[in-house]
Amino acid sequence: MVKKKVPDWLNSSLWSSPSSPSSPPSAAAISSLAEESSIVITPPEPLPHPPSPPILQDPPPTQTIQDSPTEDQSEVFPSAYDVTRQAQLLAELSRKVIDMKELRSLACQGIPDAAGIRSTVWKLLLGYLPPDRGLWSSELAKKRSQYKQFKEEILMNPSEITRRMYNSTSCDTDDAKCGRALLSRSEITHGEHPLSLGKTSVWNQFFQDTEIIDQIDRDVKRTHPDMHFFSGDSQFAKSNQEALKNVLIIFAKLNPGVRYVQGMNELLAPLFYVFKNDHDEENAAFAEEDAFFCFVELLSGLRDNFVQQLDNSVVGIRSTITRLSQLLREHDEELWRHLEITSKVNPQFYAFRWITLLLTQEFNFADSLHIWDTLLSDPEGPQETLLRICCAMLILIRKRLLAGDFTSNLKLLQNYPTTNISHLLYVANKFRVQSV
């Protein structure tokens, strides 16, 4: 069998440059490999443009992001590249009917958030907002009202449910009883008793849900502990945690086939953060409501990764990891052979977290949002783009991986080094173009 060669473009001096600490890129210089070089490179010629999904342009500089909506941003200045792309996005968003193909093409390059437009763009990319701007107001009002109803029905304590059931049946016959809040023992049916084990008992379901709610509570408190937005004793952080809990509990109870799986909090966090930081105060006030429906849309394309019964199926997480392995073998067989045959690093040891959490744990929060701009821009869903990015992550540190053994490689892959996200996305996009 003929050993597949590494593509010529991977054999440039870029991949064998001496290691040096990575530094933030400027508008005139783009750093390349993760912890492997700080070479200034000339962006490659623009890639050909197949019909879909959209193509990334030359790598832009990285973005900065605030930790909370109240912190001072006076020292953050957008680059000329960001200003131009921001103007293009604002022009597209001002249309009466938005051209989604053009919006995806612009958004996949990264969304400069100086104008607070990432919130609106993500809602469009996830299908929460329709392309017709004239429908936005009515759609938002309908969805937000629906979420309010979910909260009232799903987050209600069984005691309150029982009381309302009583009031709804007794108020017509005896108005004097309507103000009463407690039932006497003789008025509580067996199915409404807290000790009832009946399948239809609201109390039985309440106790079954307690374990999931406790798990959600623990996970939410561990969400981005380094960010004041999510963590700390401030009222602001606590209110944000409460919103995350509400969304995850409602999702779990409305989706009994999936329920809550540990790590879903990490997928909800970027959505809620972006929506809460919307420059429009009304939209920011409804961040919880909007995040719920966008979370549902996001999970609809990733659901199979969270269903344990599907783990070994053709649509389960193990099959997805196998596709990543095949992609690496296609683009760099030497590296694939060293990792999986020589050093015996099972892709599941590192790729499980990369894929299920959409790389939210591998990079800082600002870089994660930049990656999500690209993931959400794919009209066919984030999965294939995600696999190409994961493959690019491996190839960008190929020199260190080829020199390492099982222990050093596993440590490196479970603690991915700092890298330039724009260059990473550029390399990943080149894989897509090669496969067209």
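Residues numbered from 1 in each chain as written. Predicted model: local features only at pLDDT ≥ 70, side-chain atom pairs only at ≥ 80, totals over all residues. Heavy atoms only, no water.

**Q** Give a description of the overall build of the protein chain that names residues and reports values.
**A** Counting its regular elements, the protein chain contains 18 helices and 0 strands. A buried classification covers 50% of the 436 residues belonging to the protein chain. Intrachain contacts of the protein chain at a sequence separation of at least 6 include 69% that bridge at least 24 residues. For the protein chain, the accessible area works out to roughly 21,200 Å², and carbon and sulfur atoms hold 53% of it. (Helix = DSSP H or I, 4+ residues; strand = E, 2+ residues; numbered from the N terminus. Buried < 20%, exposed > 50% of the residue type's maximum accessible area, 1.4 Å probe, protein only. Contact = heavy atoms within 4.5 Å. Areas by Shrake-Rupley, 256 points an atom, 1.4 Å probe, with all protein chains shown as cover.)

**Q** Residue-level account of the nonpolar core, with values.
**A** Residues W122 and F295 are the most contacted members of the largest nonpolar core, which totals 101 residues. Here this core takes 10 residues from helix 15 (residues 382-396), the largest share from any one element. Each residue touching F295, except ones within four places of it in the same chain, is listed here: V247, L248, F251, M264, L267, L268 and L271. (Core = buried A, V, L, I, M, F, W, Y, C linked by side-chain atoms within 4.5 Å.)

**Q** Explain unusual backbone geometry to me, using residue names and the numbers behind them.
**A** Of note, the phi angle at R259 is positive, near 55°, even though the residue is not glycine. By the element assignment, R259 lies in the loop between helix 7 (235-254) and helix 8 (264-276). Unusually for a residue other than glycine, L359 sits at a positive phi of about 65°. Of note, L359 is situated in the loop between helix 13 (348-356) and helix 14 (365-377).

**Q** Please provide a residue-by-residue account of the packing of aromatic side chains, values included.
**A** Given two aromatic rings, their pairing is described by the distance between the two centres and the angle made by the two planes. Taken as a whole, this structure holds 17 aromatic pairs when the rule is applied. Measuring from centroid to centroid gives 6.3 Å for F230 and Y273, while their planes differ by 35°, and the two rings are tilted. Taken as a pair, F230 in the loop between helix 6 (202-221) and helix 7 and Y273 in helix 8 lie far apart in primary sequence, 43 residues in all. Neither residue differs from the other here; F230 and Y273 are each classed as buried. (Phe/Tyr/Trp six-rings, centres within 6.5 Å; stacked < 30°, edge-to-face > 60°.)

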